[in-house]
Structure formats: structure tokens, C-alpha cells
Amino acid sequence: MRMDLNADLGEGCGDDAAMLEVVTSASVASGGHVGNRATMHAACDAARRGRVRIGAHPSYEDRINFGRLPMDVAPDEVGRLVIRQLRALAAEAVRVGAHISFVKPHGALYHAASDGDTAEAIVKAVAGFAPGLPVLGLPGSEFLRRASDAGLRPVAEGFADRAYNPDGGLVAREVAGSVLTEVEEVVAQAVLMATEGRVRAIDGSYVTVSVDSICLHGDTPGAVELARKVRASLESAGVEVAAFA
């Protein structure tokens, strides 16, 4: 068994240096919900030195709400904002002698990709930027289906620190209990996901979530310690922790 661990970094709300000692892939905020040339440059350089794969983390351009609230943005504009952010991060990656290895939409844009038009806009932008580039999304999502059809590499992603609905989607952040912070619960969910391809949903049922990468949010309380325990527990369960890209 093999599993990638990814974290959302460059957001100014966690210990990126410590997290980079644990994860194998880093989704770097690309200037939409947060970030600028300096933060992108620093995150890319730290990831390169830590031999961690660098991913673009494009989002709605909504800094007030950290890119986590739905927005009414036309598909054409979604494509343009994704391209702007990919180019911005790529420029900083090149400056430190690295490159973008994958793309993962952030927050509300990640969930908006369940809509076919939005998914298509993101996919076209990524494919135009770098044909064949891996993209992260929920297992079985419209986004990953469109990505595969366009020749991009679809990478199914699970979340160690988020609660799941019975349909396999994530519980909305405004719902109590949507973010998991108890060490035992986060570790158990990650191990079950990696070894059995399923998670326990918020109603107690089990949902199939066959994934290649597990996310640990950098802004979750105690994120670094959670990440360390997740990685140690995965390796104890016989899972090789390694980047997919």
C-alpha cells in the first residue's frame, strides 16, 4: 500500500516548515484566497529544499472569506483566474529551481467543480497550462471525470480532518463537527481510508473513498502534531507514505 500526504500551505496560518517535514506534497496558496509573490516564493523554496512536491492551490479571488464561500463566477472567468494563479505560482517555483507537479482547487472552488461547467473551465485552464498535469479532487467527482477525459491525471483525494456525508461529500464547514480535531479520530480516519478505502460518515454509515492522497489542513488546530501521528500510524499499518507525483 502507498499513500501521498498533502497539506495546504503558504496560507500564513500554520507552521509550514514543520509540516513540510511530514507531508509529501504541498498545495501552495496561489494568490486567490491568500498569498503573494513573497509567500509563494518562500513556500516553493522550502518545499524544494524538503523534497516535497509543489502543487498550485487556485481559488476564488476572495480574501475576505478565505475563498471558502460560494461565489457566482462565470465559467470563463473561472478559467482566467485559474490561469492567472497557475502562472503566478509557476513563476516563483521556477525562480527557486522547481516546478508545479499538480493542481488542487481550494475551498469553495474545489466544491464548485461538482458543476460541469465549472469543472470544464478548470480542466481547460489546467490542460492549457500543462497537458497531463495531475489534479486532485473528490473520488468519483465530475471534476476528476472531466480531467481524465481531457488527458489530465486524476488523483482521488481524501481528508483526514474533515467529516463526511453519507454520499461521500464533505460536511459543510458551517455544520458543527465538520472539522475533526481529536487525534484518535483523525488518525483512525486516515488509516481506515488508506488501508480499507472507506470512512465512517457523520450518520454512522460507511462510505467508499478509494484515494491516492490524504489531505491534512495546515490551519486545523494542532495540525503538525496531527500530521506526525497520521504519518506514523500509516507507516505502522504497512502503508508507504510517498508522493503520487
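Quick caveat: nothing in here was measured; it's all calculated off a predicted structure.

Enquirer: Teacher, can you tell me more about the pattern of salt bridges here?
Expert: Any two side chains of opposite charge can pair, on the condition that their charged atoms come close. In the structure shown here, the tally under the stated rule is 17 salt bridges. A salt bridge links Glu 157 to Lys 104; its shortest N-O distance comes to 2.8 Å. With Glu 157 in strand β6 (residues 153-159) and Lys 104 in the loop between β4 (102-103) and α4 (107-112), this pair connects stretches of sequence that are 53 residues apart. Exposure remark for Glu 157: the relative accessible area of 0% places this residue in the buried category. When the shortest N-O distance is used, the salt bridge between Glu 225 and Lys 229 registers 3.5 Å.

Enquirer: Help me understand the side chain of Asp 8 in this model?
Expert: Examined against the element boundaries, Asp 8 turns out to sit in strand β1 (residues 2-9). Taking the relative accessible area as the measure of exposure, Asp 8 reaches 5% and is therefore buried. Within the structure, the side chain of Asp 8 is placed 3.2 Å from the side chain of Lys 104, a separation counted as a polar contact. Beyond its immediate stretch of four places on either side in the chain, Asp 8 contacts Ser 27, His 57, Lys 104, Cys 215, Leu 216, His 217 and Gly 218.

Enquirer: Please clarify how the packing of helix α7 (residues 183-196) against helix α8 (residues 223-236) should be interpreted in this entry.
Expert: In a pair of packed helices, the angle between the axes and the distance between the axes together describe the arrangement. Running from amino to carboxyl end, α7 crosses α8 at an angle of 40°, the nearest separation of the two axes being 9 Å. The orientation of α7 with respect to α8, classified from their angle, is oblique. Between α7 and α8 lies a crossing of right-handed hand. Here α7 contributes Val 183, Val 186, Val 187, Ala 190, Val 191 and Ala 194 to the contact with α8, which in turn contributes Leu 226, Lys 229, Val 230, Ser 233 and Leu 234. In terms of residue class, the contact of α7 with α8 is built from 9 nonpolar, 1 polar and 1 charged.

Enquirer: Even after reading the chapter, I still don't get the state of the cysteines, so can you show me in this structure?
Expert: Each disulfide is one covalent bond, formed between the sulfur atoms of two cysteines. Scanning all chains against the criterion turns up 0 disulfides. Here Cys 13 is not cross-linked by a disulfide; its sulfur's nearest cysteine counterpart is in Cys 215, at 12 Å. Relative accessible area serves as the criterion here: at 38%, Cys 13 is assigned to the partly exposed category.

Definitions and limits used
Residues numbered from 1 in each chain as written. Predicted model: local features only at pLDDT ≥ 70, side-chain atom pairs only at ≥ 80, totals over all residues. Heavy atoms only, no water. Salt bridge = Lys/Arg side-chain N within 4 Å of Asp/Glu carboxyl O. Helix = DSSP H or I, 4+ residues; strand = E, 2+ residues; numbered from the N terminus. Buried < 20%, exposed > 50% of the residue type's maximum accessible area, 1.4 Å probe, protein only. Polar contact = N/O pair within 3.5 Å; in protein donor to acceptor, adjacent residues only side chain to side chain. Contact = heavy atoms within 4.5 Å. Axes fitted to C-alpha atoms, helices over the stretch in contact; angles between N-to-C directions. Parallel < 35°, antiparallel > 145°, perpendicular 65-115°, else oblique. Left-handed = near helix turned anticlockwise from the far one by under 90°. Nonpolar A, V, L, I, M, F, W, Y, C, P; charged D, E, K, R; others polar. Disulfide = S-S within 2.5 Å.

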